[in-house]
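# Structure assessment
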Amino acid sequence: MSASPSDCTSGLPPLWAGKRRGQLSILVGAGLGQATAAGLGAHFVIHLLRGGASSHQILLFGILVVSALVVGALRMVERVISEVLSQNYVHEIRVGLIRRNLADGRVRNLGVAVARTTNDLGSVQSWISQGVTPLAVGIPLILGAGIAMLLIDPVLTITLFPPLALLLIGLRWVTPTAYARTRALRKARGKLAGQVADTILSSRAIRSGGGVSRELKRVEQYSTSLVAAATRRARSAGALRGMAAASSGLTTASAVGIGLAVGMPASHVAAALTVTGLLSAPIQDLGRAAEFRQTYRAARRIIGPAVDRAPAGVGPTPPGRRRGDGIESRPTVPPDVAEESSAVLVVESMQYDGDRDMPTLTAFRGDRVLVRTGDRRADSVVLDQLAGIAGVGRARIRLDGVDLTDASPGRRRRLVGYGCQGMLHARTTVRRAVGYRSPTPPGDEVLPLLAAVGLQDTVARLPGQLETLLQHGGEPLTIPERARLTLARALYNEPPLLVFDHLDADLGRAGRATMRDLLRSYPGVVVLTTDAPDDVVDVSVVWETAAVTRTSIVGDVTVRDITEARR
């Protein structure tokens, strides 16, 4: 019962080691004990059915009862030892996984680490307790039952071994398919889990970009694939268990059929049925063991290398191959949008913290509005309402003649660009991330925008360039690079309103200078909160809880324009 060579080379500890040797030996002994009880029970059944003195029959019946109790006690011992054995083995692997993660400090994703120490180890535990244990007990039991059949009548051995041989052939034929389908199911689960995790982490980016329906469709697609993969695997698992159940039934039917065919005494047939009845559970366990073996093999491929990864052998990740083609410098003017920004933003009756009112805001094209409530959390609440991330309550927001309060997510995402500190991106490509607010996949128009925000060289170095898949909120990009990508996404198609919630905090000094250059000539309204406004924009309006203060007049706006807009 030692680990297979593949187990050892993959880093999993050997099963036949330490205290586990004694536990496996006890399981083998339990199988032999049950076989002995079955053989003795069959022997006494023959004598009991032959008749004799009533006192003798009572004694034989008592021995049969004791044999049954012994089998029950051995099954109880088997269950306890199997749990101890499997938990001990999984405990050793779990500690090894955590030790490696702490030693090399290269945990790529928390969800992956948790999955390895729970789901994957659950597969290992199931294989040990419901695969290895039934084999350790069942093989000696089946061999012992064969000897008992031989002692009853040599012809009865035909009832046992041919069905088992057919079962082994069937298992050998089905298990490759079961393994492939188990791996496919694991991949489907992993994809769905990754998509769900990234969707939840990037909920702010998704909602501000009007991508809720799109992400729900993605989750639905992954979920549908998971259902299909689980159904295919269930067919293979059902075939394994069905063949085992059929073999068990064939063993019993063969005992009756052969007994009648050769004119065997009824007492011998009854004894054979006693043995085959005891073998029913172990034979059916063979099918379950084959099923759990495939699940274990699939899990071993993942956790084996993770346990074996030594700190000394961990080197730096090789940089991706630099590719210069496909990214070139373009003019920094973003593409035009169908709905040109030319009007005014008016925000009325906006509240935060339940009942605290913000004064009416009137902003014109080219205005840079600084939100300043005195509370950073309250600033975020106000901006979330503008971006459509939070409910607006009784507030009324008009932009370019459109009531954003009642606007559909599709229309809002065309009118509002949003970015905040720590914003996590949905699982998608770099190209799609830039044009995420657009309902259709973007084309090469994202290239000048990437160059404008300073991501041209970064994207060129990525293995897939524009088609590189962003995961876990934006990996493989760094935090400042993700912030630049968020800025590009907000600027895409020049929405008439930009909303930024401390986005500059993630950009770094160079990124803030880039942001300032881009916003200096931006034609729309920019509403933001920042700890360093002078580094980002030239503020023209300060929106505070007490009043709205205009510090400068932008463009051709006049005092009369401001008065009429407030009406």
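Residues numbered from 1 in each chain as written. Predicted model: local features only at pLDDT ≥ 70, side-chain atom pairs only at ≥ 80, totals over all residues. Heavy atoms only, no water.

## Section: the packing of helix α14 (residues 479-491) against helix α15 (residues 504-520)
- Taken N-terminus to C-terminus, the directions of α14 and α15 make an angle of 20°; their axes are 9 Å apart at the nearest point. On the basis of their axis angle, the class for α14 and α15 is roughly parallel. Judged by the twist between their axes, the crossing of α14 over α15 is right-handed. Residues Ile-479, Pro-480, Ala-483, Arg-484, Leu-487 and Leu-491 of α14 form the contact with α15, whose own contacting residues are Asp-506, Leu-507, Ala-510, Gly-511, Thr-514, Met-515 and Leu-518.
- Partitioned by chemical class, the residues of the contact of α14 with α15 number nine nonpolar, two polar and two charged. (Axes fitted to C-alpha atoms, helices over the stretch in contact; angles between N-to-C directions. Helix = DSSP H or I, 4+ residues; strand = E, 2+ residues; numbered from the N terminus. Parallel < 35°, antiparallel > 145°, perpendicular 65-115°, else oblique. Left-handed = near helix turned anticlockwise from the far one by under 90°. Contact = heavy atoms within 4.5 Å. Nonpolar A, V, L, I, M, F, W, Y, C, P; charged D, E, K, R; others polar.)

## Quick word on the pairing of strand β11 (residues 497-501)
- In terms of burial, β11 is a largely internal element, five of the five residues being buried.
- Both faces of β11 are covered, namely the face carrying Leu-497, Val-499 and Asp-501 and the face carrying Leu-498 and Phe-500.
- Relative to β11, strand β8 (residues 416-420) is paired through five bridges, and the arrangement is parallel. When the sheet's bridge partners are listed, Tyr-418 is paired in β11 with Val-499.
- Direction of pairing for β11 relative to strand β12 (residues 525-529): parallel, over a ladder of five bridges. Its bridge partner lying in β12, Leu-498 is registered against Val-526. (Buried < 20%, exposed > 50% of the residue type's maximum accessible area, 1.4 Å probe, protein only. Pairing = 2+ DSSP bridges.)

## Things to note about the side chain of His-425
- Mapped onto the secondary structure, His-425 falls in the loop between β8 and β9 (428-429).
- The class for His-425 is buried, based on a relative accessible area of 3%.
- In this structure the side chain of His-425 is engaged in a polar contact, spanning 3.3 Å, whose partner is the backbone oxygen of Arg-482.
- A polar side-chain atom of His-425 sits 3.0 Å from a polar atom in the side chain of Thr-486. (Polar contact = N/O pair within 3.5 Å; in protein donor to acceptor, adjacent residues only side chain to side chain.)

## Notes on empty space enclosed by the protein
- Per the stated rule, a full pass over the model turns up three cavities of 30 Å³ or more.
- Approximately 50 Å³ is the volume attributed to the largest cavity.
- Lining the largest cavity are Ala-178, Thr-182, Arg-233, Ser-236, Ala-237, Leu-240, Glu-291 and Gln-294.
- Looking at the lining of the largest cavity, the elements that each hand over two or more residues are α5 (161-201), α7 (212-261) and α8 (266-308). (1 Å grid on protein atoms, 1.4 Å probe; cavity = no way out; pocket = protein on both sides within 12 Å on 5 of 7 lines; lining within 4 Å. Points joined across faces, edges and corners; volume = space filled by probe spheres on them.)

## A short note on the pairing of strand β5 (residues 368-372)
- Most of β5 sits out of view: four of its five residues are buried.
- Two strands pair when backbone bridges link them, and β5 and β12 are joined in this way by three bridges, in the parallel orientation. Paired with Leu-370 across the strands is Leu-528, a residue of β12.
- When β5 meets strand β13 (residues 541-544), the two strands line up parallel, connected through four bridges. Note on β13: the bridge partner recorded for Val-371 is Trp-543.

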